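Architecture and fold: a report
Below, each chain spelled out in residue letters.
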Amino acid sequence: MPNTSLVDLDRQFLIHPVSNFRQHEQRGAAVLAAAHGVYLRDDAGRELLDAFSGLWCVNTGYGHESIVQAANEQMRRLPYATGYFGYSSEPAIRLAARLVELAPASLRHVYFTLGGSDAVDSALRYISYYYNALGQERRTQFISLQRGYHGSSSVGAGLTALPVFHRHFNLPQANQHYLPSPYAYRSPLGDDPQALIAASVAALRAKVAELGAERVAAFFCEPIQGSGGVIVPPRGWLKAMADTCRELGILFVVDEVITGFGRTGPLFACEAEGVQPDMMTLAKGLTAGYAPMGALMMSDRIYQAIADGAGPELAVGHGQTYSGHPVSAAIGLEVLRLYHEGGLLANGVARAPQFEQGLRDLLAHPLVGDARSRGLLGALELVADKHSKRQFAAELKLHERVARAAYDQQLVFRAFGDNILGFAPALCYTADEFTLLFARLRATLDQVLAQPEVRQALS
Ligand SMILES: Cc1ncc(COP(=O)(O)O)c(C=O)c1O
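Residues numbered from 1 in each chain as written. Predicted model: local features only at pLDDT ≥ 70, side-chain atom pairs only at ≥ 80, totals over all residues. Heavy atoms only, no water.

Further remarks concern the pairing of strand 3 (residues 47-50). Successive side chains on a regular strand alternate, one facing one side of the sheet and the next facing the other. Two elements, strand 2 (residues 39-42) and strand 3, share three bridges in a ladder whose sense is antiparallel. Residue pairing across strands places Arg41 opposite Glu47, the latter belonging to strand 3. (Pairing = 2+ DSSP bridges. Helix = DSSP H or I, 4+ residues; strand = E, 2+ residues; numbered from the N terminus.)

What follows concerns the site of the ligand. Around the ligand, the structure places Gly115, Gly116, Ser117, Tyr149, His150, Gly151, Glu222, Asp255, Val257, Ile258 and Lys284. Between Asp255 and the ligand, the recorded distance is 2.7 Å, taken from a side-chain N or O atom to a nitrogen atom. For the ligand, whose unbound accessible area comes to 390 Å², protein coverage reaches 84%. Across the shell around the ligand, the residue classes tally to three nonpolar, five polar and three charged. (Near = heavy atom within 4 Å. Polar contact = N/O pair within 3.5 Å; in protein donor to acceptor, adjacent residues only side chain to side chain. Areas by Shrake-Rupley, 256 points an atom, 1.4 Å probe, with all protein chains shown as cover. Nonpolar A, V, L, I, M, F, W, Y, C, P; charged D, E, K, R; others polar.)

Before going further, it helps to spend a moment on the domain arrangement of the chain. Each assigned domain of the chain is listed here: domain 1 (31-63 + 343-457) and domain 2 (66-340). Each partner contributes residues to the interface: domain 1 has 36 residues there, and domain 2 has 33 residues. Both sides of the domain 1 and domain 2 interface together cover about 2,800 Å² of buried area, and 55% of this is carbon and sulfur. When the buried surface of domain 1 facing domain 2 is broken down by residue, Trp56, Leu345 and Arg374 rank first, second and third, together holding 28% of it. Between domain 1 and domain 2 we count two salt bridges in total. The closest approach of N and O atoms between Asp418 and Arg147, which form a salt bridge, is 2.6 Å. Between the two partners, domain 1 and domain 2, sit 22 residue pairs in polar contact (both at pLDDT 80 or more). Within the residue set of the side of domain 1 that touches domain 2, elements represented by two or more residues are helix 3 (53-56), helix 13 (344-361), strand 11 (368-374), strand 12 (377-382) and strand 15 (420-423). Tallying contributions element by element places strand 11 first for the side of domain 1 that touches domain 2, with five residues. (Domains from an automatic or database assignment. Contact = heavy atoms within 4.5 Å. Buried area = accessible area lost by both parts, 1.4 Å probe. Salt bridge = Lys/Arg side-chain N within 4 Å of Asp/Glu carboxyl O.)

In structure tokens:
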């Protein structure tokens, strides 16, 4: 039985992110009460296997005593320290230095935020400052990818190319432009990796030419598009886009909010292709969700131009009360230690083939049209007709049926509106936990398939 009083209070007072308010009022929330390892427990005592790391963030799994300890100690010693007017704190300083040590060599400076959206927003503001400081005021145009997600700040949500983030929000802005995403499963180019890469490079060149190279500020992308449906581009795609940006003289900004911190194997997805971005946005796995924190990393060239642009006296007017929060930073330092010395990155890499195989095995299921993954980031795409890749009719609300069945089977993952199922298991998953994940996932799909309306919709 749900805890009705909490559910009622939630209905009345709590606005949920990216939700339909009316549907939420009607259905109410499933209230989570506790978690340990890779399991969540709701307030009715039901245990759920988390195959989504919360919201692609709890990469370490839940209940790490050493993280709790680090937070506890920092809270006792110094729960808050401003970074304004010349102050700083040891955890923020050490975390910035450690990130510079671990990130691609091009990134030399760190600005801390509270999450990913404000990391993207900070990138946009600093980029404007940078070009104005250089006297290139005409560089105001931004390019990102269709199906891209870059958070929901008032400008960043326009780089996001998902319709619900635009509708009634007066977005995108006139200076925000999109390229087709490298979506192998639905591209007319099929899954020829070189053709997909060449098409993206050509689209970038064409867009820059159309806008005028001297007007374009930057290209933003995720190494693997997460919220847009886990679109996994071919290996080499990221490097080709970065090289093209360099050649065209525009900034290359990589949004590693999901892909960072071991999600795709290496600490950062950029590493796998030797990409040296001008800027990188981070969040989620930085603190593994134990406390809010994001980061914007930038090259020395950008930093120096901004510093010179301000001159000897003026402040660069960008800041937040909680930038470099010492408790979040202390957590971040311990989480980074766990990725390396705690063996989490190595375990994620070791378990990735089992994850990939488990998804691939489900291609034989009548509902599954595509399976894709890199590292421990993956998706299944459900289709009504495997041959034509026809999607299910929206009226069937298949994703809601899947989400309900998953809850019945005690499994948590993300069922997107276009019937793409997203998975991001924690890097601490064991082989047995993966076996359980796939048993529950298969049972979920079977439960949905057993529904007569779903069977009828299949061709
Ligand atoms: C690639 C990417 N960028 C930015 C964000 C926004 O981060 P946040 O939700 O922490 O504001 C997200 C969140 O999912 C993301 O996936």
